[in-house]
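# Geometric and topological summary
Here's the letter readout for the chains.
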Protein chains: 2
Amino acid sequence: MRIFRREDIVAALDETTALVAVERAIIAFAAGRAQSGDAGHFTFPAPGDAHVKVAHLAGEDVFALKVSASFYANPARGLSSSQGFSAVMSATTGEALALFADGGWLTDVRTAMAGAIAGRAIGYKGGTLGIVGAGIQARMQAEMIRRHVGAERVLIWGRDAGKAQALATELGGEACGDLADLVRASDLVVTTTPSTEWLIDDDWVRPGARIVAVGSDGGGKRELDPRILSRAIVIADSVDKCLENGEAGWAVRAGLLAAETIIPLGELLAAPRVFDADAIVVADLTGLPVQDAAIAGAAWRVLTSS
Amino acid sequence: MRIFRREDIVAALDETTALVAVERAIIAFAAGRAQSGDAGHFTFPAPGDAHVKVAHLAGEDVFALKVSASFYANPARGLSSSQGFSAVMSATTGEALALFADGGWLTDVRTAMAGAIAGRAIGYKGGTLGIVGAGIQARMQAEMIRRHVGAERVLIWGRDAGKAQALATELGGEACGDLADLVRASDLVVTTTPSTEWLIDDDWVRPGARIVAVGSDGGGKRELDPRILSRAIVIADSVDKCLENGEAGWAVRAGLLAAETIIPLGELLAAPRVFDADAIVVADLTGLPVQDAAIAGAAWRVLTSS
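In this report, we go over the structure that sits alongside the text. (Residues numbered from 1 in each chain as written. Chains lettered and ligands numbered in written order. Predicted model: local features only at pLDDT ≥ 70, side-chain atom pairs only at ≥ 80, totals over all residues. Heavy atoms only, no water.)

Along the backbone of chain A there are 11 helices and 14 strands. Along the first, second and third principal axes, the C-alpha atoms of chain A reach 55 × 45 × 40 Å. Expressed as a percentage of the 306 residues in chain A, the buried residues total 57%. Looking at chain A alone, contacts between residues at least 24 apart form 68% of all its contacts between residues at least 6 apart. In the form shown here, chain A has an accessible surface area of approximately 11900 Å², with 49% of it arising from carbon and sulfur atoms. Distance from the positive charge centre (28 side chains) to the negative charge centre (37 side chains) of chain A: 2 Å. (Helix = DSSP H or I, 4+ residues; strand = E, 2+ residues; numbered from the N terminus. Buried < 20%, exposed > 50% of the residue type's maximum accessible area, 1.4 Å probe, protein only. Contact = heavy atoms within 4.5 Å. Areas by Shrake-Rupley, 256 points an atom, 1.4 Å probe, with all protein chains shown as cover. Lys, Arg positive; Asp, Glu negative; His and termini not counted. Charge placed at Lys NZ, Arg CZ, Asp CG, Glu CD.)

The next thing to look at is the interface of chain B and chain A. Taken together, the contact between chain B and chain A spans 37 residues of the former and 37 residues of the latter. When chain B packs against chain A, the two sides together hide about 2900 Å² of surface, and 73% of this comes from carbon and sulfur. Our enumeration of links across chain B and chain A arrives at zero salt bridges. Linking chain B with chain A are four residue pairs in polar contact (both at pLDDT 80 or more), by the criterion used here. Elements that contribute at least two residues to the side of chain B that touches chain A include exactly strand 2 (34-44), strand 3 (48-57), strand 4 (62-71), strand 5 (82-90) and strand 6 (96-101) of chain B. Residues of the side of chain B that touches chain A, tallied by class, amount to 22 nonpolar, 12 polar and three charged. (Buried area = accessible area lost by both parts, 1.4 Å probe. Salt bridge = Lys/Arg side-chain N within 4 Å of Asp/Glu carboxyl O. Polar contact = N/O pair within 3.5 Å; in protein donor to acceptor, adjacent residues only side chain to side chain. Nonpolar A, V, L, I, M, F, W, Y, C, P; charged D, E, K, R; others polar.)

The next thing to look at is the relation of the copies chain B and chain A. Structural alignment of chain B on chain A gives an RMSD of 0.1 Å, achieved by rotating through 180° and translating 0.0 Å along the axis. In symmetry terms, the pair is related by a two-fold rotation axis. For chain B, the residue whose C-alpha comes nearest the rotation axis is Ala-39 of chain B, separated from it by 2.0 Å. In this assembly the copies share their binding face: 100% of the residues contributing to the interface of chain B also contribute to that of chain A. (Least-squares fit on C-alpha atoms with pLDDT ≥ 70 in both.)

For the structure shown, the criterion picks out three cavities of 30 Å³ or more. Its boundaries defined by the atoms lining it, the largest cavity holds a volume of some 60 Å³. Ala-21, Arg-24, Ala-55, His-56, Leu-57, Glu-60, Val-62, Phe-63, Ala-293, Ala-294, Gly-297 and Arg-301 of chain B are the residues that line the largest cavity. Put simply, the parts of the chain that give the lining of the largest cavity at least two residues each are helix 2 (15-30), strand 3, strand 4 and helix 11 (289-304) of chain B. For the lining of the largest cavity, the leading source of residues is helix 11 of chain B, giving four residues. A breakdown of the residues in the lining of the largest cavity according to their chemical character gives seven nonpolar, two polar and three charged. There is about 40 Å³ of room inside the second largest cavity. Lining of the second largest cavity is provided by Leu-57, Glu-60, Val-62, Phe-63, Ala-293 and Ala-294 of chain A. (1 Å grid on protein atoms, 1.4 Å probe; cavity = no way out; pocket = protein on both sides within 12 Å on 5 of 7 lines; lining within 4 Å. Points joined across faces, edges and corners; volume = space filled by probe spheres on them.)

Okay, the sheet that holds strand 8 (residues 153-157) of chain A next. Residues and elements named next belong to chain A. Ordered by their spatial adjacency, eight strands build an open sheet running 9-8-7-10-11-14-12-13, and the pairing between neighbours is parallel. Each edge of the open sheet is held by one strand with a lone partner, namely strand 9 (174-175) and strand 13 (263-264). Where strand 10 (residues 188-191) meets strand 11 (residues 210-213), three bridges bridge the pair, whose relative direction is parallel. Counterpart to Val-189 in the pairing with strand 11 is Ile-211. On top of the sheet, helix 4 (residues 136-148) reaches strand 7 (128-132), strand 8 and strand 10; it is set at about 160° to strand 7, its chief contact. (Pairing = 2+ DSSP bridges. Axes fitted to C-alpha atoms, helices over the stretch in contact; angles between N-to-C directions.)

We now examine the environment of Gly-135 of chain A. Its location among the elements puts Gly-135 of chain A in the loop between strand 7 and helix 4. Note: C-alpha distance between Gly-135 of chain A and Val-54 of chain A (81 residues apart in sequence) is 27 Å.

With respect to the helices, strands and loops of the structure, Gln-137 of chain A is situated in helix 4. Among the residues examined, Gln-137 of chain A registers a relative accessible area of 13% and is labelled buried.

Turning our eyes to something else, we now look at the side chain of Arg-222 of chain B. Here Arg-222 of chain B lies in the loop between strand 11 (210-213) and helix 7 (226-231). The residues contacting Arg-222 of chain B, other than those within four sequence positions of it, are Ser-195, Thr-196, Glu-197, Trp-198, Ser-216, Glu-247 and Trp-250 of chain B.

Formed by 70 residues in total, the largest nonpolar core has its most connected members in Phe-100, Leu-129, Val-212 and Ile-235 of chain A. Ranked by residues supplied to this core, first place goes to helix 3 (residues 105-121) of chain A with 10 residues. Filtering out sequence-adjacent residues up to four positions away, Leu-129 of chain A remains in contact with Tyr-124, Ala-142, Ile-145, Ala-151, Arg-153, Val-154, Leu-155, Ser-186, Leu-188 and Val-190 of chain A. Judged by nonpolar contacts, the second largest core, of 69 residues, contains Leu-57, Val-88, Leu-268 and Leu-285 of chain B. (Core = buried A, V, L, I, M, F, W, Y, C linked by side-chain atoms within 4.5 Å.)

All names here are of chain B. The end-to-end C-alpha distance of helix 3 (residues 105-121) is 24 Å, a good match for the 24 Å that 17 residues give at a rise of 1.5 Å each. Of all 17 residues in helix 3, 15 are buried; the element is thus mostly enclosed. Two residues or fewer after helix 3 comes Gly-123, characterised by a positive phi angle close to 110°. (Expected span 1.5 Å × (residues − 1).)

Residue and element names in this part refer to chain B. With their axes 8 Å apart at the nearest point, helix 3 and helix 4 (residues 136-148) run at an angle of 50° to one another. Taken together, the axes of helix 3 and helix 4 lie oblique to each other. Where helix 3 crosses over helix 4, the two elements pack in a sense that is right-handed. On helix 4, the residues that touch Trp-105, Asp-108, Val-109, Thr-111, Ala-112, Met-113, Gly-115, Ala-116 and Arg-120 of helix 3 are Ile-136, Gln-137, Met-140, Gln-141, Met-144, Ile-145 and His-148. Looking at side-chain class alone, the contact of helix 3 with helix 4 contains nine nonpolar, five polar and two charged residues. (Parallel < 35°, antiparallel > 145°, perpendicular 65-115°, else oblique. Left-handed = near helix turned anticlockwise from the far one by under 90°.)

Attention now goes to the packing of aromatic side chains. As enumerated under the stated definition, the model contains six aromatic pairs over all chains in all. When the ring of Phe-44 of chain A is compared with that of Phe-63 of chain B, the centres are 4.6 Å apart and the planes differ by 35°; the resulting orientation is tilted. Taken together, the positions of Phe-44 of chain A in strand 2 (residues 34-44) and Phe-63 of chain B in strand 4 put the pair across two chains. Since its relative accessible area comes to 1%, Phe-63 of chain B is described here as buried. Relative to Phe-100 of chain B, the ring of Phe-4 of chain B lies with its centre 5.9 Å away and its plane at 45°, an arrangement referred to as tilted. With Phe-4 of chain B in strand 1 (residues 2-5) and Phe-100 of chain B in strand 6, this pair connects stretches of sequence that are 96 residues apart. A relative accessible area of 6% means that Phe-4 of chain B is categorised as buried. The exposure class of Phe-100 of chain B is buried, given its relative accessible area of 0%. Residue placement shows Arg-253 of chain A over the ring face of Trp-250 of chain A; its charged tip is 4.9 Å from the ring centre. (Phe/Tyr/Trp six-rings, centres within 6.5 Å; stacked < 30°, edge-to-face > 60°. Lys NZ or Arg CZ within 6 Å of the ring centre and 35° of its normal.)

The next subject is the environment of Trp-204 of chain A. Along the chain, Trp-204 of chain A turns up in the loop between strand 10 and strand 11. Spatially, the C-alpha atoms of Trp-204 of chain A and Asp-181 of chain A are 8.1 Å apart, while their sequence positions differ by 23 residues.

Structural data, given as structure tokens:
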């Protein structure tokens, strides 16, 4: 078993190849051509929590597991609060092939890739990109979308105006003090915060708005007024998981959305469609274990092919 | 993250300390003082299958995951059909601490330990030990029980009489050509085969018989005539898992055993009881993720304490 560190993976990963692999994984998941599982949510008094997820895409020569852990007292110890690793196993012999001590970097990358993939799928073609949040995922979504879809302007709103300004400067974008202005001005809004109260009011959302909701993935997190979803075409990376943990779940529980109208993202990717110019389209993303398997497999192949 | 190979672990593991840890884990599991999960059963066309299990015992400073895989075409490639590894993570910081590339050895050991623990708990104190099967687990159960509980005589029955004779010679025991004779002569019978049809007839089981059933853990496996369980006090390492995959499940589905009468092994260990001399007692073991966490934690502590 070979161990690769984050810097090895960053240096080697071919982003376009990995993005294509992640897109193919989302399609395979929706088509039932993937196995995936979650060993559950482990909590620790530290305080901390951990997930272990496993996935295999039919036909792939490897399968992968990912441990992701968050331990909130780590920064006081000089450690990152994000911990974890991935392991790649042969789907032919079961042998453990590689361990990625990546500190969660592959998860951040595949999450940003899913944002770019979903943004394009719901009709964003470049233009004004509005990023809600100013953390790691805000930066990575902006960069990934700009590189792989395009963005003439990047607007950033953050609860902490200083962090938003710093990120805007880093990205060559513009900090936006008023979230309503950002929503109204953007061709695509990507929400990346851990908010547990909705940030984007229904009133701000104009016909034709396109939103990719990344932040809400359980633990009471939500970013969108559920009335937005009542007017929208709603796409979900996993319908089940979005009903459980995503914006779609909040809207369905509020009686504002019929679960059976939600379109799996993988179906949309497999059979792309053009939405009406004035349709509001929301892509609700919670993250799929098959994305982890896809990016780990892509990294493994490039790291061992030379 | 440190990687340890099987030989490092074999050399370092303090068996008695590990056995106590496994027993404590079984007690903690029954008392609800453990978290454990299974990411599901993954199947591959190779052919092969894999499980990923995770567990944490309340109060322990580490948690652990285990990948166990069986790939049946491996021997033709010069590889073991058993593959997998364990990983130990800090329950305080989430950091990955150690990876055990043990080839499934820790699983074999903790399974044998559970046999010894269960055998003693159901009243075996040494005497004549009857081992059904002649594979790795047959040998390990015999050795572990002899070292930690005792055995004046060891009888071995195997479907392959040559393998049974070889194992008997290795152990200083006696091969037994007739399974009925073995069952009648033994103070404790331990079944370790992958049989999918029952091997031990109810007629052979005398009052006072004590049986530890290790082989049946899903996939249609069974070793005991379910009528045995209808007359027995039935103990299970996990009541739920034994109803799903164990001998208890066969007996309950046949209408021969009431599920609510099954006693969790951890409860019996926490509050030992003496069974009537003529009671038939069956301990049904499917294996618990907390056993994996316990033995991995014990190995980790000894490997890093020097």
